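For reference, the chains in residue letters:
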Amino acid sequence: MVDALREVHRVLAPRGVLIDARPDSRVLAYAERQKARGFQRFGIVRTSSAEFVNDRASDRAVARVVREGLFKRRRRGRFWHRVPFAGLAALRQYLWEHLRFVRRANWVVDMATRRRYSNEQFVIRRAVRYELLEARPGKGR
């Protein structure tokens, strides 16, 4: 990833901005039922251990190009992103196929409640962290 960031710096205009936005594996994701007003938490969705390793490697790559003086950190933060599903079965299928998350949620409601609402709309709510990186002029160009 360091090579990719160096290439971005090479082609980005001086003081141009790179937005690094990726799922935040440091924060739990949630399986929620969509209600008329708001959401009801049904489960907790954990990040797979392989993705923790990938996320740490990405963090180290960004830190390295900042240390090298290619980019200057401008601003960072987090926002919540919702991935919608037509029902609980679709959400479960998504978890089974998705590499970022473990295959099963840790349910916080009982099986009867899950059955009762299984055909309603659900979402996975997950954190996305972002950072704005400004290309420093004159370095590696």
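Everything here concerns the structure above.
In this report, we go over the structure that sits alongside the text.

The rules we used
- Residues numbered from 1 in each chain as written.
- Predicted model: local features only at pLDDT ≥ 70, side-chain atom pairs only at ≥ 80, totals over all residues.
- Heavy atoms only, no water.
- Helix = DSSP H or I, 4+ residues; strand = E, 2+ residues; numbered from the N terminus.
- Rg over C-alpha atoms; globule rule 2.2 N^0.38 Å.
- Buried < 20%, exposed > 50% of the residue type's maximum accessible area, 1.4 Å probe, protein only.
- Contact = heavy atoms within 4.5 Å.
- Lys, Arg positive; Asp, Glu negative; His and termini not counted.
- Charge placed at Lys NZ, Arg CZ, Asp CG, Glu CD.
- Core = buried A, V, L, I, M, F, W, Y, C linked by side-chain atoms within 4.5 Å.
- Expected span 1.5 Å × (residues − 1).
- Arc of directions from axis to C-beta.
- Polar contact = N/O pair within 3.5 Å; in protein donor to acceptor, adjacent residues only side chain to side chain.
- Pairing = 2+ DSSP bridges.

**A short note on the overall build of the protein chain**
Item 1. The number of helices and strands found in the protein chain is 4 helices and 6 strands.
Item 2. Its helices and strands taken in sequence order, the protein chain reads α-β-β-β-α-β-α-β-α-β from the N to the C terminus.
Item 3. A globule of 141 residues ought to have a C-alpha radius of gyration of about 14 Å, yet the protein chain, at 19 Å, is considerably larger.
Item 4. Considering only C-alpha atoms, the protein chain reaches an extent of 60 × 30 × 20 Å along its principal axes.
Item 5. Within the span of the protein chain, comprising 141 residues, buried residues form 40% of the whole.
Item 6. Contacts in the protein chain between residues far apart in sequence, at least 24 positions, make up 82% of those at least 6 positions apart.
Item 7. Both charge centroids of the protein chain, one from 34 positive and one from 14 negative side chains, sit 4 Å from each other.

**Observations concerning the nonpolar core**
Item 1. Membership of the largest hydrophobic core comes to 14 residues, with the highest contact counts inside it found for V45, L91, L95, F101 and I124.
Item 2. Of all the secondary-structure elements, those providing two or more residues to this core are β2 (29-34), β3 (39-45), β4 (71-85), α3 (88-97) and β6 (122-135).
Item 3. Broken down by element, this core gets its largest block of residues, 3 residues, from α3.
Item 4. Judged by nonpolar contacts, the second largest core, of 11 residues, contains V2, L5, V62 and L70.

**With respect to helix α2 (residues 49-67)**
Item 1. For α2, spanning 19 residues, the distance from its first C-alpha to its last is 27 Å, which sits close to the expected 27 Å at 1.5 Å a residue.
Item 2. Among the residues making up α2, those that are buried are E51, D55, S58, A61, V62, V65 and V66. Along the axis of α2, the buried positions cluster into a sector of 135°, meaning they face one direction only. In α2, the exposed residues that point more than 90 degrees away from the buried face are S49, R60 and R67.
Item 3. In this structure, the buried residues of α2 make contact with α1 (2-11), β1 (17-23), β4 and β6.

**A word on the side chain of R100**
Item 1. With respect to the helices and strands, R100 occurs in the loop between α3 and β5 (106-107).
Item 2. Classification of R100 as buried rests on a relative accessible area of 11%.
Item 3. Engagement of the side chain of R100 in a polar contact is seen with the side chain of E51, the distance being 3.3 Å.
Item 4. The contact partners of R100, leaving out residues within four places of it in the chain, are P23, S25, R46, T47, S48, E51, D55 and R126.

**Re the pairing of β3**
Item 1. Examined bridge by bridge, β2 and β3 share 6 bridges and lie antiparallel to one another. Across the sheet, E32 pairs through a bridge with R41, a residue of β3.
Item 2. Hairpin geometry of β2 and β3 is characterised by an intervening segment of 4 residues between the two adjacent antiparallel strands and by a positive phi of about 95° at G38.
Item 3. Where β3 and β5 come together, 2 bridges link them in antiparallel fashion. Among the inter-strand pairings, G43 is bridged to a residue of β5, identified as W107.

**What about the environment of T47?**
Item 1. Relative to the helices and strands, T47 is located in the loop between β3 and α2.
Item 2. With a relative accessible area of 12%, T47 lands in the buried category.
Item 3. Sequence-wise, T47 and L132 are 85 residues apart; in three dimensions their C-alpha atoms are separated by 24 Å.
Item 4. Every residue in contact with T47, bar those within four places of it in the chain, is listed here: S25, F52, R100, F101 and V102.

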